[in-house]
Amino acid sequence: MTDPGELRASDAEREAVVEQLRVASVEGRLTLAELTDRTEAAYTATTHAELALLTQDLPAGATPPRAPAPVPEGRKRRWFVGVMGDSKRRGTWQIDQELGAVAVMGDVLLDLREAEVRTDVVDIMAVSVMGDVKIIVPDGVNVDLDGMAVMGDKKVDVLQAAPGMNVPVVRVRAYAVMGDVKVIGDSQAQPVQRRFAAWREHWRRLHGEDWRALGRQMRYEARELGRQMREDDRRDRRGYY
């Protein structure tokens, strides 16, 4: 009899898990990096067991996210400004509104990898005047960069997802005058050890790459142990030792 966890996953089931992950992100349960990691894993999953692993620490049955609270007038965009100096935002933080970055003969760094993104799209306006704006995102997100550069540069260096995948979107409008606006991915920045990726890597170090085979072996041994215990119990009731 086929183990239910080994049944092959369908495209509809993968999309349902991706939607559950998206809702969990909007509710603040996943960081942008975790959402990107798990979304990629969902699209490459082949069995129900692999999909279940991605949502085992999330509430069962995702509900549509509540509408965000109205943003007070005058605070529609959250600004990070570096004028002849540096402004940096990294680590765990919350994104629930549009962002702005202004570097005037200075530097602004926005690291989105460990941010809790409460919106469907991260919208950033980046202005650089003889300065640098650097935005770090997880590899695997879709980056939409537009704007203009005058005697400066605007560029994206991110390993983006394959077309058709419902992955997080980061939209950047860049205006660079004798400065740079750059959007880079994990592969071009100092790596951050994400919780889900770290757990998966730890499991592989302990048990090797073929963790599916190990899971099947563990389930087989558990069934055999249960069968042996039931047999011993029947013998005890019959008076055999």
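Residues numbered from 1 in each chain as written. Predicted model: local features only at pLDDT ≥ 70, side-chain atom pairs only at ≥ 80, totals over all residues. Heavy atoms only, no water.

Thoughts on the overall build of the protein
So, point 1. When its secondary structure is counted, the protein shows five helices and 12 strands.
So, point 2. Taking all 241 residues of the protein together, 37% fall into the buried category.
So, point 3. In the protein, the proportion of contacts linking residues at least 24 apart, taken out of those at least 6 apart, comes to 67%.
So, point 4. Here the protein displays about 14200 Å² of accessible surface, and carbon together with sulfur accounts for 52% of that area. (Helix = DSSP H or I, 4+ residues; strand = E, 2+ residues; numbered from the N terminus. Buried < 20%, exposed > 50% of the residue type's maximum accessible area, 1.4 Å probe, protein only. Contact = heavy atoms within 4.5 Å. Areas by Shrake-Rupley, 256 points an atom, 1.4 Å probe, with all protein chains shown as cover.)

A few points about the packing of helix α2 (residues 32-44) against helix α3 (residues 48-55)
So, point 1. Contact geometry of α2 with α3 gives a least axis separation of 9 Å together with a crossing angle of 165°. For the element pair α2 / α3, the angle class is roughly antiparallel. Crossing geometry of α2 relative to α3 is assigned as left-handed. From α2, Arg38, Ala41, Ala42 and Thr44 reach across to α3, where they touch Glu50, Leu51 and Leu54.
So, point 2. For the contact of α2 with α3, the class distribution of residues is four nonpolar, one polar and two charged. (Axes fitted to C-alpha atoms, helices over the stretch in contact; angles between N-to-C directions. Parallel < 35°, antiparallel > 145°, perpendicular 65-115°, else oblique. Left-handed = near helix turned anticlockwise from the far one by under 90°. Nonpolar A, V, L, I, M, F, W, Y, C, P; charged D, E, K, R; others polar.)

Things to note about the packing of aromatic side chains
So, point 1. For the structure on display, the rule yields one aromatic pair.
So, point 2. For the ring pair Phe80 and Trp93, a centre distance of 5.7 Å and an interplane angle of 80° mean the geometry is edge-to-face. Linking Phe80 in strand β1 (residues 77-83) with Trp93 in the loop between β2 (86-89) and β3 (94-95), this pair joins segments that are 13 residues apart in sequence. (Phe/Tyr/Trp six-rings, centres within 6.5 Å; stacked < 30°, edge-to-face > 60°.)

Observations regarding the sheet that holds strand β8 (residues 132-136)
So, point 1. Read from one edge to the other, the open sheet built from five strands follows the order β2-β5-β8-β12-β10, with strand pairing classed as parallel. Each edge of the sheet is formed by a strand with only one pairing partner; in this case those strands are β2 and β10 (153-157). Strand-to-strand twist of the sheet, defined as the mean angle between neighbouring strand axes without regard to direction, takes the value 5°.
So, point 2. By the bridge criterion, four bridges tie β2 to strand β5 (residues 107-111) in an arrangement that is parallel. Within β5, the residue paired with Asp86 across the bridge is Asp107. (Pairing = 2+ DSSP bridges.)

As for the pattern of salt bridges
So, point 1. Taken as a whole and assessed by the stated rule, the structure comprises 12 salt bridges.
So, point 2. In this structure, the salt-bridge partner of Arg22 is Asp120, at a minimum N-O distance of 2.6 Å. Of the two residues, Arg22 is situated in helix α1 (residues 11-26) and Asp120 in the loop between β6 (116-117) and β7 (121-129); the sequence distance between them amounts to 98 residues.
So, point 3. A residue is classified by how much of its surface remains accessible, and Arg22, at 24% relative accessible area, is partly exposed.
So, point 4. For Asp120, a relative accessible area of 54% puts it in the exposed group.
So, point 5. Ionic pairing is found between Arg118 and Glu116, a salt bridge with its closest N-O pair at 3.2 Å.
So, point 6. Since its relative accessible area comes to 26%, Arg118 is described here as partly exposed. (Salt bridge = Lys/Arg side-chain N within 4 Å of Asp/Glu carboxyl O.)

With respect to the nonpolar core
So, point 1. Core analysis: the biggest nonpolar cluster contains 28 residues, and Leu112, Ile124 and Val137 have the highest contact counts within it.
So, point 2. Residue assignment for this core shows that the elements contributing at least two residues are β4 (98-104), β5, β7, β8, β9 (142-150), β11 (169-177) and β12 (180-184).
So, point 3. Looking at which element gives the most residues to this core, the answer is β11, with four residues.
So, point 4. When neighbours within four sequence positions are excluded, Ile124 is seen to be in contact with Arg77, Leu99, Leu110, Leu112, Ile135, Val170, Arg171, Val172 and Arg173.
So, point 5. Of all hydrophobic cores here, the second largest spans 14 residues; its members include Val18, Ala24, Ala41 and Ala45. (Core = buried A, V, L, I, M, F, W, Y, C linked by side-chain atoms within 4.5 Å.)

Keep in mind that these numbers describe shape and distance, not what the molecule does.
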